[in-house]
Amino acid sequence: MELLILPISALAGFLGSILGLGGGIIIVPALTLLFSIDIRYAIAASLISIVATSSGAAASYLKDHLTNLRLAVFLEVGTVVGAVFGFLLASYIDSKMLYIIFALFLFFSALMMFRKRAEHISFTNHPWAEKLSLDSAYPNEKGELVSYKVANVPFALVVMFAAGILSALLGIGSGIFKVLAMDGAMKLPIKVSSATSNFMIGVTAAGSALAYFLRGDVKAEIAAPVALGIILGSYAGAKAMPKIPALRIRQIFVCVLAIVSIQMLLKGFA
Amino acid sequence: MTGKIDLSKLELKISYLLRFGVLLSAIFLGVGCINLFTNVGALHALSEYRPQSLLETIEIAKAEGNYFHLASLFGLSLLVALPLVRVALTAYLFLRNREFVLMAMALFVSLVLCFSFFLGIEL
């Protein structure tokens, strides 16, 4: 039975790396429902899974020029400030209503993404993107370099700030909001959005993971096989991603969005 | 133009360093997993929450001579350190490229992460 942790984690790592999300959506339910692990240990293991997904894929994405390093650092400023702000707000806000509002928002985003068949790439840079050289190029499925520009930079920074607040208030990974903001507002190719989000989520999760680790909530008995499975899965995901058609990634992302919105609705009405 | 070429070379170096870190951590985690897969029912003990700090866990593993457990813990600590090293290297990369605004942003992110950790804020 224990051996099952490895393939489940590998699947979470594979999906997480191609979608730019942590593996928490798979890891937490699997550990609590299949292995009857206490939720606190499961959450600690899921934080490790985010770090492992991010680290496992980061090397390949950097090498393949899918991660936009400049953009990742720029947007991370909004996320970490938002997360600190969200932490300070947490005791004053009833998160139940937020769960319902954002479940509906994610569901609406899933619908919008489902309707969007092709990449909507911007042909002009926002002045901030021009100043910080945020535009770049990425290899498409055929291995050809495709240039892209970066639009709506201030709006995306505000969305990242909001994503940081929400992840602190709702206890969810902010990867989903990051990918949505980069894909929808900044009009980046979905692969660049996923890879850049992948880079960012590991950085944000590492602080919390370290706190849980020192507190002793990261149990090696669970976290070690989870991390190992995730590393293997995310490495395979990062290798496969350049060859997967962008439309397929978008379709998988829509399914995950729908699942997360249902999970959030259930929490909101619980 | 020269700046961009330097950046991609440094990016490549960072990616190799990351790959080495992940591989090293995976080796230690793999060794640690032997303990789990040879010790059937090890997960049952985790169905109930029992607070135990990392230092206590290490002391117990040392006393029991459980080197597999110690290897897992080392692999996990290496893994957790990697993203923080990544941001620090990114700041260095921007410094080398004389992109001081982005370097300042990378340092700011590292500082907020450090402060949040010491203040007990979970991001």
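Use the structure listed above.
So, here is what we can say about the structure in this document. (Residues numbered from 1 in each chain as written. Chains lettered and ligands numbered in written order. Predicted model: local features only at pLDDT ≥ 70, side-chain atom pairs only at ≥ 80, totals over all residues. Heavy atoms only, no water.)

## Some thoughts on the side chain of Asp38(A)
So, point 1. Looking at the element boundaries, Asp38(A) is found in the loop between α2 (24-34) and α3 (39-63).
So, point 2. Look at Asp38(A) and you get buried, because its relative accessible area is 12%.
So, point 3. Apart from the residues within four sequence positions on either side, Asp38(A) is in contact with Leu46(B), Ser47(B), Glu48(B) and Tyr49(B). (Helix = DSSP H or I, 4+ residues; strand = E, 2+ residues; numbered from the N terminus. Buried < 20%, exposed > 50% of the residue type's maximum accessible area, 1.4 Å probe, protein only. Contact = heavy atoms within 4.5 Å.)

## Describing a nonpolar patch on the surface
Residues and elements named next belong to chain B.
So, point 1. Taken together, the side chains of Phe 20, Leu 23, Leu 24, Ile 27, Val 31, Ile 34 and Phe 68 define a hydrophobic patch exposed on the protein surface, amounting to about 610 Å² of accessible area.
So, point 2. No other element matches helix α1 (residues 2-38), which puts 6 residues into the nonpolar patch.
So, point 3. Relative to the helices and strands, Leu 24 is located in helix α1.
So, point 4. Overall, the relative accessible area of 30% leaves Leu 24 in the partly exposed class. (Patch = residues over 30% accessible without salt bridge, like charges linked within 9 Å, V, L, I, M, F, W, Y side chains within 5 Å. Areas by Shrake-Rupley, 256 points an atom, 1.4 Å probe, with all protein chains shown as cover. Salt bridge = Lys/Arg side-chain N within 4 Å of Asp/Glu carboxyl O.)

## A few points about the environment of Leu82(B)
So, point 1. For Leu82(B), the location among the structural elements is in helix α3 (residues 67-96).
So, point 2. With a relative accessible area of 8%, Leu82(B) lands in the buried category.
So, point 3. Separated by 61 residues in the primary sequence, Leu82(B) and Gly21(B) have C-alpha atoms spaced 7.1 Å apart.
So, point 4. What Leu82(B) contacts, discounting residues up to four positions off in sequence, is Ser55(A), Leu18(B), Gly21(B) and Val22(B).

## Quick notes on the layout of surface pockets
Residue and element names in this part refer to chain A.
So, point 1. Here the second largest pocket is characterised by a volume of approximately 440 Å³.
So, point 2. For the lining of the second largest pocket, the secondary structure elements donating two or more residues are α5 (95-115), α7 (153-170) and α8 (175-185).
So, point 3. Among the residues making up the lining of the second largest pocket, the classes are represented as 15 nonpolar, 3 polar and 2 charged. (1 Å grid on protein atoms, 1.4 Å probe; cavity = no way out; pocket = protein on both sides within 12 Å on 5 of 7 lines; lining within 4 Å. Points joined across faces, edges and corners; volume = space filled by probe spheres on them. Nonpolar A, V, L, I, M, F, W, Y, C, P; charged D, E, K, R; others polar.)

## Re the interface of chain A and chain B
Put simply, an interface is often sized by how much accessible area is lost when its parts join up.
So, point 1. In this assembly, 64 residues from chain A lie in contact with 61 residues from chain B.
So, point 2. Interface of chain A and chain B: buried area, both sides summed, is about 5700 Å²; carbon and sulfur atoms make up 75% of it.
So, point 3. Counting the contacts that link chain A with chain B gives 1 salt bridge.
So, point 4. Between Glu99(B) and Arg70(A) there is a salt bridge, with the nearest N and O atoms lying 2.7 Å from each other.
So, point 5. Those elements that place two or more of their residues in the side of chain A that touches chain B are α1 (5-19), α3, α4 (69-89), α9 (190-215) and α10 (220-240) of chain A.
So, point 6. Looking at the side of chain A that touches chain B element by element, the count peaks at 14 residues for α9(A).
So, point 7. Tallied by class, residues from the side of chain A that touches chain B come to 41 nonpolar, 12 polar and 11 charged. (Buried area = accessible area lost by both parts, 1.4 Å probe.)

## Describing unusual backbone geometry
Residues and elements named next belong to chain A.
So, point 1. Phi at His 65 is positive, roughly 60°, even though this residue is not glycine.
So, point 2. By the element assignment, His 65 lies in the loop between α3 and α4.
So, point 3. Under the relative-accessibility criterion, His 65 is labelled partly exposed at 34%.
So, point 4. The residue Lys 187 is not glycine, and still its phi comes out positive at about 55°.

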